[in-house]
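Coordinate analysis (summary)
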Amino acid sequence: MQPHPFPFAPWVWRDAVTVLDSPTRTIAQDRGRPDVGLLGYEVDAVDGRIGKVDEHNAELPADCLLVDTGTWLTSHRVVLPVGAICEVDHDAKLVRVDRTKKHVTDAPAYDPEHLDADDYRRRLGEYYTDSYRTSPTTE
C-alpha cells in the first residue's frame with residue numbers, strides 16, 4: 001500500500017472549476033454554494049453506484065454533500081466531505097468519489113435530530129482523512 005502523495009483536505013473542493021463550470025453555475029453563485037446544482041445527481045464510488053445527492057443537502061455546510069445511499073424502500077443518508085469528490089460530470093449528472101461503497105456507507109452516522117455539528121464534523125474529517133493514508137481501493 002502506497003500512501004497518498006498529498007495531504008488530504010476533507011473540506012476543500014479538489015477542482016472548483018469543474019464544479020462551478022456547469023449549467024447551474026448562476027444558481028450556485030447566487031446562493032453562494034457550489035453544490036446547489038448537484039441536487040439529484042447520482043453518486044458513484046470506485047466500485048459502483050452509491051446513491052444520489054439528497055434534496056436536503058442545503059441544510060449542511062457547503063463543504064459537504066448529503067448522499068442518500070438507501071433503496072426506494074429505505075433511506076440511509078451519509079455525509080461526504082467535498083474533498084472525497086474526484087469528478088463531477090454535469091452531462092451525466094454524476095458525482096464520482098474516490099472511496100469504496102463500503103467506506104462511504106460505514107462513515108459516521110448522520111442523524112440531524114441528534115447531531116453535535118462540531119463533534120460530527122471532527123469525527124467525519126478524521127474518518128475520511130485516515131482513509132487517505134492508503135490507496136482508496138484497498139479495504
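What counts and how
Residues numbered from 1 in each chain as written. Predicted model: local features only at pLDDT ≥ 70, side-chain atom pairs only at ≥ 80, totals over all residues. Heavy atoms only, no water. Helix = DSSP H or I, 4+ residues; strand = E, 2+ residues; numbered from the N terminus. Buried < 20%, exposed > 50% of the residue type's maximum accessible area, 1.4 Å probe, protein only. Contact = heavy atoms within 4.5 Å. Salt bridge = Lys/Arg side-chain N within 4 Å of Asp/Glu carboxyl O. Pairing = 2+ DSSP bridges. Phe/Tyr/Trp six-rings, centres within 6.5 Å; stacked < 30°, edge-to-face > 60°.

The protein appears in an unreviewed UniProt entry as PRC-barrel domain protein from Saccharothrix longispora.

1. Overview of the overall build of the protein
Check the secondary structure of the protein and you find four helices and six strands. Counted from the first residue to the last, the protein has its helices and strands arranged as α-α-β-β-β-β-β-β-α-α. For the protein, with 139 residues in total, the buried portion stands at 40%. Within the protein, residue pairs in contact and separated by at least 24 positions form 57% of the contacts whose partners lie at least 6 positions apart.

2. Re the pattern of salt bridges
A pair can form between side chains of opposite charge whenever their charged atoms are brought close. All chains considered together, the criterion is met by eleven salt bridges. A salt bridge links Asp-119 to Arg-122, with the shortest nitrogen-to-oxygen separation between them at 2.6 Å. With a gap of three residues between them, Asp-119 and Arg-122 both fall in helix 4 (residues 117-131), about one helical turn apart. Overall, the relative accessible area of 27% leaves Asp-119 in the partly exposed class. With a shortest N-O distance of 3.2 Å, Arg-123 and Asp-119 are connected by a salt bridge. On the criterion of helical spacing, the pair formed by Arg-123 and Asp-119 is a turn pair, its members being four residues apart in helix 4.

3. Overview of the pairing of strand 5 (residues 85-89)
Note: strand 5 against strand 6 (residues 94-97), four bridges, orientation antiparallel. Residue pairing in the sheet places Val-88 in a bridge with Val-95 of strand 6. If you look at the hairpin formed by strand 5 and strand 6, you'll find four residues sitting between the two strands, and Lys-93 has a positive phi there, around 50 degrees.

4. Quick word on the packing of aromatic side chains
Describing an aromatic ring pair means giving the distance of the ring centres and the angle of the ring planes. Summed over the entire model, instances satisfying the criterion amount to two aromatic pairs. Centroid distance Tyr-127 to Tyr-128: 5.2 Å. Interplanar angle 90 degrees. Geometry classified as edge-to-face. Taking relative accessible area as the criterion, Tyr-128 reaches 0% and is therefore assigned buried.

5. Focus on the environment of Leu-80
Topologically, Leu-80 is positioned in strand 4 (residues 77-81). Residue Leu-80 is classed as buried on the basis of its relative accessible area of 0%. Each C-alpha atom, one on Leu-80 and one on Tyr-128, is 8.6 Å from the other, the two residues being 48 residues apart in sequence. Residues in contact with Leu-80, not counting those within four places in the same chain, are Val-43, Asp-63, Cys-64, Leu-65, Val-67, Val-97, Val-104 and Tyr-128.

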